[in-house]
Amino acid sequence: MPAKFELIAPCFFGCESTAKFELTRIGAENIRVDDGRLSFAGGAEMIAAANLNLRTVERVMMLLARYRAATFDDLFDGVYDIPWEELLPADAAFPVTGSSLNSQLSSVPACQSIIKKAVVKRLMAKHHTSVLPETGAEYKIRFMLRKDQCEIMLDTTGDGLHKRGYRRNAMEAPIRETLAATIADLGRVRRDSLVEDPFCGSGTLLIEAAQKAMNIAPGLKRRFAAERYGFVPAAIWAEQRQKALAEAKLDVGFEAFGYDIDPAAVALANANAKLAGVEKRCHFEVADVADFAAKQEAIVLTNPPYGERMSTIEGAAKLARTLGRQMEAHPCAGVYAITADMDFETHYGKRANKRRKMYNGMIPCQLYMYYSAPKFEHTAKPMPKSGFDGKRTAPNRFNKK
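Attention in this report is confined to the structure presented alongside it. Owing to the predicted nature of the structure, the values given are computational and were not obtained by experimental measurement.

For the rest of this paragraph, the subject is a negative patch on the surface. Residues Asp73, Asp74, Asp77 and Asp81 make up a contiguous surface patch of negative charge. Tracing the chain through its elements places aspartate 81 in the loop between α3 (72–80) and β5 (96–101).

Let us now look at the nonpolar core. Soluble, globular proteins show a tendency: their nonpolar side chains are buried together. If you look at the biggest cluster of nonpolar residues, it comprises 93 residues, and the most contacted ones within it are Trp84, Ile152, Ile183, Phe231 and Leu301. Look past the residues within four positions of tryptophan 84 in its chain and what remains in contact with it is Leu64, Val79, Val119, Arg122, Leu123, Ile141 and Ile152. Tyr259, Ala294, Val300 and Ala320 belong to the second-largest nonpolar core, a separate cluster that totals 21 residues.

Okay, helix α1 (residues 16–25) next. All of the buried residues along α1 are Glu16, Thr18, Ala19, Glu22 and Leu23. Across the axial projection of α1, the buried residues extend over an arc of 160 degrees, all falling on one side. In the core, the buried residues of α1 are packed alongside β2 (29–34), β3 (37–42), α2 (44–53) and α5 (177–186).

This part covers the sheet that holds strand β13 (residues 354–360). Read from one edge of the open sheet, seven strands run β10-β9-β8-β11-β12-β14-β13, paired in mixed fashion. Pairing within the sheet leaves two strands with one partner each, and these edge strands are β10 (282–286) and β13. Shown here is a sheet whose adjacent strand axes are inclined to one another by a mean of 20 degrees, direction ignored. Here strand β12 (residues 334–339) runs beside strand β14 (residues 363–371); their pairing, made up of six bridges, is antiparallel. Of the residues in β14, the one forming a bridge with isoleucine 338 is leucine 367. Where helix α6 (residues 204–213) meets the sheet, its contacts fall on β8 (194–197), β9 (255–260), β10 and β11 (299–302), and the angle it forms with β10 comes to roughly 165 degrees.

What follows is about unusual backbone geometry. Backbone geometry places histidine 128, a non-glycine residue, at a positive phi of 55 degrees. Assignment of secondary structure puts histidine 128 in the loop between α4 (108–127) and β6 (141–146). Classification of histidine 128 as exposed rests on a relative accessible area of 72%. The backbone of aspartate 148 shows a phi angle near 70 degrees, a positive value even though the residue is not glycine. Structurally, aspartate 148 can be placed in the loop between β6 and β7 (149–155). A relative accessible area of 9% places aspartate 148 in the buried class.

Note: strand β1 (residues 5–10) against β3, six bridges, orientation antiparallel. Residue pairing across strands places alanine 9 opposite leucine 38, the latter belonging to β3. Pairing of β1 with strand β4 (residues 61–68) involves two bridges; the strand directions are antiparallel. In the strand pairing of β4, leucine 7 is matched with methionine 62.

Here we take up the sheet that holds β2. Pairing in this open sheet of seven strands is mixed, and the strands run β2-β3-β1-β4-β7-β6-β5 from one edge to the other. Strand pairing shows two members of the sheet lacking a second neighbour, β2 and β5, which therefore form its edges. Shown here is a sheet whose adjacent strand axes are inclined to one another by a mean of 25 degrees, direction ignored. Sheet topology places β6 next to β7; six bridges connect them, and they run antiparallel. Residue pairing across strands places phenylalanine 143 opposite isoleucine 152, the latter belonging to β7. Contacting β2 and β3, α1 runs over the sheet at an angle of about 175 degrees to β2.

Conventions used here
- Residues numbered from 1 in each chain as written.
- Predicted model: local features only at pLDDT ≥ 70, side-chain atom pairs only at ≥ 80, totals over all residues.
- Heavy atoms only, no water.
- Patch = residues over 30% accessible without salt bridge, like charges linked within 9 Å, V, L, I, M, F, W, Y side chains within 5 Å.
- Areas by Shrake-Rupley, 256 points an atom, 1.4 Å probe, with all protein chains shown as cover.
- Salt bridge = Lys/Arg side-chain N within 4 Å of Asp/Glu carboxyl O.
- Lys, Arg positive; Asp, Glu negative; His and termini not counted.
- Charge placed at Lys NZ, Arg CZ, Asp CG, Glu CD.
- Helix = DSSP H or I, 4+ residues; strand = E, 2+ residues; numbered from the N terminus.
- Core = buried A, V, L, I, M, F, W, Y, C linked by side-chain atoms within 4.5 Å.
- Buried < 20%, exposed > 50% of the residue type's maximum accessible area, 1.4 Å probe, protein only.
- Contact = heavy atoms within 4.5 Å.
- Arc of directions from axis to C-beta.
- Pairing = 2+ DSSP bridges.
- Axes fitted to C-alpha atoms, helices over the stretch in contact; angles between N-to-C directions.

Function cannot be read off these values alone, since they describe shape.
Written out as structure tokens, the structure reads:
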């Protein structure tokens, strides 16, 4: 078994730059960025460190093989060549999941069956057994076929990294924790920042901002699949957890205030903050956005209700207009609003200094960033009516309201 592995961390589009910074910070090597994922190198200690500390990626996987697979024989042979016996004990459970896109092997169930068969054959031969009970620890095998190129990976995470362990429940259409962490980074949240959210929902944006400011590792309150893997010793996990705990900065000046018109949302946000260990830094109250008055030094991070969280488009537009009026009356250090509303700038009443395409789950969104821009920066053009791809098919007038 190699001393170092090639690891892959998928992330949502728009989160790559933040994820790269995080990987650099924990000492990952040979970092390469692609759309929607990053690859990097590291040993067993990096598997533990990445799962415990990365805020903006969805999971961490070991790449075991990459090869061309245009036929089922190709697929079988490539999987059989992997030294599974060095990774999986004879009693391991090993479910297979994956996807296929623009490949001759287009049937995912058929590919799952072939991969499973190849692993079984290899393990039986190398463990010298005719029975694989699959009663032990689970080693989830993932495959990805893209244009006949196959990647075989072993999942080290288990439940996605967005499941931090503090959010027991959520309001409708919650923002992913990994995406919220990215927005906190783009909003330049620091140890002494004051952050506010007039549409706090279950509190995810502020909780993630608080954990970032206090350097609380997001994975401290949960367990990972690789903690049951024999090739990642328990001592390494204990060492990396202790290191993460020692690096937390609990005496920072950070403070956050969240508001929501729904008392149930506020109660849930307070409960989540307590589970996350940031209840002394995050304060949530019932309030209407029409009464929101941001403090001058505040950074506003928000996910205005839209789609599932709003019964009508007109209602969402009205809330955006109200937010725009309140921010004009009470300007602050910056506003970072993520929404699927492509007319947000029109409703808000002001063009963003900058925009970034992002996804919240499978929902295409834009992060609209408003701040006091240096003179050499240019204000972004209004969003095109043609949709998420950003292509402008016709002049788009912007009517400030």
